[in-house]
Amino acid sequence: MDTELIESKNWFQSNWKWIIPLVLSLVLISGYLFSSSDENIMDFAQAYNDTALYEKAIEKANSNTRILETVGEIQPIDKLAILEGNTIYADNNTSVVLSIRIKGTKSNGKLDITAKKLGSEWEYKKILVRCKNPKEEITVVDSN
């Protein structure tokens, strides 16, 4: 009768193929979250809650014939688009520069907004829609 020594692998040796990508992913995600300053997190939170800011901008964009021809009617923004975008508030949250992705009925793009808050209403200094296909920038409002 042969007696062979059977070596068993330890837990890490058996599972390293999925542990290493998981650990790297966690490190990257936590690095991204903690590298953002508190101001940036507050800016995203403010934009997330201030729906009138981008809803009225989309309303203005949807009244532009060139936008309707190129992008189509811009759909309402989902909350994930705000988190994926770029938001900077200034002047005690009365001034904002915002860039978010948009989905139109014909194509997708980015909506860039520069606005100043007067009382409870936003006054738009600039509303710009950027499309990739066709590559075009369409100015909706530019009162600089």
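Residues numbered from 1 in each chain as written. Predicted model: local features only at pLDDT ≥ 70, side-chain atom pairs only at ≥ 80, totals over all residues. Heavy atoms only, no water.

1. Quick look at the overall build of the protein
Of the regular secondary structure elements, the protein holds five helices and five strands. Listing every helix and strand of the protein by position from the N terminus yields α-α-α-α-α-β-β-β-β-β. For the protein, the residues scored as buried account for 32% of the 144 residues in total. Nonlocal contacts in the protein, meaning residues at least 24 apart in sequence, comprise 45% of its contacts between residues at least 6 apart. For the protein, the accessible surface area stands at approximately 10100 Å², while carbon and sulfur atoms represent 55% of it. (Helix = DSSP H or I, 4+ residues; strand = E, 2+ residues; numbered from the N terminus. Buried < 20%, exposed > 50% of the residue type's maximum accessible area, 1.4 Å probe, protein only. Contact = heavy atoms within 4.5 Å. Areas by Shrake-Rupley, 256 points an atom, 1.4 Å probe, with all protein chains shown as cover.)

2. Things to note about the pairing of strand E2 (residues 95-103)
When strand E1 (residues 86-90) meets E2, the two strands line up antiparallel, connected through five bridges. By the bridge assignment, Asn86 is partnered in E2 with Ser99. Taking the residues that link successive antiparallel strands as the turn, the E1-E2 hairpin has four residues, and the phi of Asp91 there is positive, at about 50 degrees. Pairing of E2 with strand E3 (residues 108-118), which is carried by nine bridges, proceeds in the antiparallel orientation. Across the sheet, residue Lys103 finds its bridge partner in E3, namely Asn108. Between E2 and E3, which pair antiparallel and follow one another directly, the connecting turn spans four residues. (Pairing = 2+ DSSP bridges.)

3. Observations concerning the pattern of salt bridges
On inspection of all chains with the given rule, the structure shows seven salt bridges. The partner of Arg66 in a salt bridge is Glu136, and the shortest N-O contact between them spans 2.8 Å. Of the two residues, Arg66 is situated in helix H4 (residues 65-70) and Glu136 in strand E5 (residues 136-142); the sequence distance between them amounts to 70 residues. When its relative accessible area of 35% is taken as the criterion, Arg66 is described as partly exposed. Sharing partners across several salt bridges, the network here consists of Arg66, Glu69 and Glu136. (Salt bridge = Lys/Arg side-chain N within 4 Å of Asp/Glu carboxyl O.)

4. What about the environment of Thr105?
Position of Thr105 relative to the elements: it lies in the loop between E2 and E3. Classification of Thr105 by relative accessible area gives exposed; the value is 56%. In this structure the C-alpha to C-alpha distance between Thr105 and Glu73, which are 32 residues apart in sequence, comes to 5.5 Å. Dropping the residues within four chain positions of it, Thr105 is found in contact with Val71, Gly72, Glu73 and Gln75. Polar side-chain contacts of Thr105 include one of 3.1 Å to the backbone nitrogen of Glu73. (Polar contact = N/O pair within 3.5 Å; in protein donor to acceptor, adjacent residues only side chain to side chain.)

5. Concerning the sheet that holds E3
Within the open sheet, the five strands sit side by side as E1-E2-E3-E4-E5. Their pairing is antiparallel. Since the sheet does not close on itself, it has two edges, and those belong to E1 and E5, each with one partner. Taken over all neighbouring pairs, the strand axes of this sheet differ in orientation by 20 degrees on average, direction set aside. On the sheet, helix H3 (residues 51-62) packs against E1, E2, E3, strand E4 (121-131) and E5 and is oriented at approximately 60 degrees with respect to E4. (Axes fitted to C-alpha atoms, helices over the stretch in contact; angles between N-to-C directions.)

6. Considering a nonpolar patch on the surface
Together, Trp11, Phe12, Trp16, Trp18, Ile20, Leu22, Leu24 and Leu26 line one region of the surface with nonpolar side chains, adding up to about 890 Å² of accessible area. Mapped onto the secondary structure, Phe12 falls in helix H1 (residues 11-35). (Patch = residues over 30% accessible without salt bridge, like charges linked within 9 Å, V, L, I, M, F, W, Y side chains within 5 Å.)

7. With respect to the nonpolar core
Grouped together as the largest cluster of nonpolar side chains are 27 residues, with contacts concentrated most on Leu53, Leu111, Ile113, Tyr124 and Val129. Those elements that provide at least two residues to this core are H3, helix H5 (79-84), E2, E3, E4 and E5. Not counting residues within four places of it along the chain, the set of residues in contact with Tyr124 comprises Ala52, Leu53, Lys56, Ala57, Lys60, Ile113, Thr114, Ala115, Val141 and Ser143. (Core = buried A, V, L, I, M, F, W, Y, C linked by side-chain atoms within 4.5 Å.)

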